[in-house]
Amino acid sequence: MVGSTGIAGLTLGGGIGWLDRLAGLTCDNLASAEVATADGRLLRASETEHPDLFWALRGGGGNFGVVTSFSYLLHRVTQAYGGLLGYTFDQAAKVLEAYAALSDQAPDRLALYAALATAPPLPFIPRGLQGQPVAALLPVCFGTADDHPERTVAAVRSLLPPPAVDTTGPMSYHQIQRFSEGPTMPGAHHYYTAEWLDFLDGTAIESLVSAAARATSPLSIIVLKRMGGATARVPAEATAFRYRQAAHNLDIHAQWVPAGDPAPHGAWAHDTRRAVRHASAGGGYVNFIDGDLGDERVRAAYGANYGRLAEVKAAYDPDNFFRFNHNIVPAAAVR
Ligand SMILES: Cc1cc2nc3c(=O)[nH]c(=O)nc-3n(C[C@H](O)[C@H](O)[C@H](O)COP(=O)(O)OP(=O)(O)OC[C@H]3O[C@@H](n4cnc5c(N)ncnc54)[C@H](O)[C@@H]3O)c2cc1C
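Residues numbered from 1 in each chain as written. Predicted model: local features only at pLDDT ≥ 70, side-chain atom pairs only at ≥ 80, totals over all residues. Heavy atoms only, no water.

Engineer: Help me understand the sheet that holds strand β1 (residues 30-36) in this model?
Structural biologist: Two strands in a sheet stick together by hydrogen bonds in their backbones, pointing the same way (parallel) or opposite ways (antiparallel). Reading across from one edge, β2-β1-β3 is the order of the three strands in this open sheet, with antiparallel pairing throughout. Both edges of this open sheet fall to β2 (42-45) and β3 (66-72), since each of them pairs with a single strand only. In this sheet, adjacent strand axes meet at a mean angle of 15° when their direction is disregarded. The pairing of β1 with β2 spans four bridges and is antiparallel. Across the sheet, residue V35 finds its bridge partner in β2, namely L43. (Pairing = 2+ DSSP bridges. Helix = DSSP H or I, 4+ residues; strand = E, 2+ residues; numbered from the N terminus. Axes fitted to C-alpha atoms, helices over the stretch in contact; angles between N-to-C directions.)

Pasting the structure below:
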């Protein structure tokens, strides 16, 4: 959802964003890739060439070689309507309840995020709100004029009292890609953790609101993203990306200025994730999970697809040359 994110790692880990409900994950739109393997071969992977490698590249991360070229399927994006609806923090639980209620009825053309953050000093945010904790909904609806995307966004807005900030309106795809850059600060220190959630109940909402209130840095942010749509229509074993049936992606993003002890920020992120584990689908999104918690979290991120990934790893990188990543251990090594 941020224009500056590298497309290589994004694709190899899956790739979620504004269009996944409509057009699938980034990896679902990968047509082929060229891969330099650990033994120096340059291979082409597609549905018909090295299909096992192609399966693994779509979610398995940088475990199988250096991808030197990606070919994608493209989709024409027509009119889009959306933006940010910002609410004072006393509305936070209601905002997440509205997000959860909407999630169950949302059409595929509606991309929907919810966020708990501290309002940044951006020009469209009233001065009185800047620096204050806030809750936000980010609905973006795609479609032609006949689809009336503005009506879908109006239905989102109608579930809550009038927002303190409302930037919704017609947007180009380029504007959509740029408008979420505000909360990410280049040069800051970051620590991500994440979990796929099957549902968002009252306990989870209460836990997330309470965590946001205790955030150790005003730059930290909790983001929920509605999944489903085209992503969920691909079978879980069709690509290495596993958690296609999860209802939400929870991204807990600790971010702080580079000073002082990083430990409290990481601890806050993990405590927040643990507080909602009753709703977990089983693991976290590999592109958002902590890299320092080791094998168990990586295995959980792949769930039942891990065994097949380990077999493909053994076929293409038996010595685990590519190991400075969310590492998949070659099957032969664990036999
Ligand atoms: C601000 C921000 C916003 C983000 N938003 C999203 C989002 O909306 N949706 C989403 O899905 N993810 C998002 N991410 C996560 C993002 O997908 C990962 O950080 C991804 O790894 C970035 O890709 P990169 O090419 O920059 O990877 P890098 O950081 O350069 O590399 C990460 C790893 O990817 C692998 N890799 C990268 N390039 C190659 C290659 N050519 N061949 C083989 N392996 C390779 C390697 O294992 C490498 O260690 C975001 C990250 C940030 C920092």
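Engineer: Could you clarify how one ought to interpret empty space enclosed by the protein in this entry?
Structural biologist: The full count for this structure, using the stated rule, is one cavity of 30 Å³ or more. Considering only residue class, the lining of the largest cavity consists of seven nonpolar, three polar and one charged. (1 Å grid on protein atoms, 1.4 Å probe; cavity = no way out; pocket = protein on both sides within 12 Å on 5 of 7 lines; lining within 4 Å. Points joined across faces, edges and corners; volume = space filled by probe spheres on them. Nonpolar A, V, L, I, M, F, W, Y, C, P; charged D, E, K, R; others polar.)

Engineer: What exactly am I supposed to notice about unusual backbone geometry here?
Structural biologist: With the exception of glycine, the majority of residues adopt a negative phi angle, and the majority of peptide bonds are in the trans configuration. In this structure, H50 takes a positive phi of about 45° despite not being glycine. The backbone phi angle of N320 is positive, close to 55°, even though this residue is not glycine.

Engineer: Help me understand the packing of aromatic side chains in this model?
Structural biologist: Geometrically, a pair of aromatic rings is defined through the distance of the ring centres and the angle of the planes. Per the stated rule, a full pass over the model turns up nine aromatic pairs. Seen in terms of ring centroids, F142 and Y173 are 6.3 Å apart; in terms of plane orientation they differ by 45°. Their pairing is tilted. Here the residue F142 occupies a position in strand β7 (residues 133-142), and Y173 occupies one in helix α6 (residues 173-179), the gap between them amounting to 31 residues. When its relative accessible area of 3% is taken as the criterion, F142 is described as buried. Taking 5.6 Å as the distance between ring centres and 80° as the angle between the ring planes, the aromatic pair formed by W196 and F241 counts as edge-to-face. Of the two residues, W196 sits in strand β10 (residues 189-197) while F241 sits in the loop between β11 (221-226) and β12 (248-256), which places them 45 residues apart along the sequence. There is no split in this pair, since W196 and F241 are both buried. Taken together, Y192, W196, F241, Y285 and F288 form an aromatic cluster joined through their ring pairs. We note K225 situated over the ring of Y113; from NZ or CZ to the ring centre the distance is 5.4 Å. Sitting over the ring of W55, R308 keeps its end group 3.9 Å from the ring centre. (Phe/Tyr/Trp six-rings, centres within 6.5 Å; stacked < 30°, edge-to-face > 60°. Buried < 20%, exposed > 50% of the residue type's maximum accessible area, 1.4 Å probe, protein only. Lys NZ or Arg CZ within 6 Å of the ring centre and 35° of its normal.)

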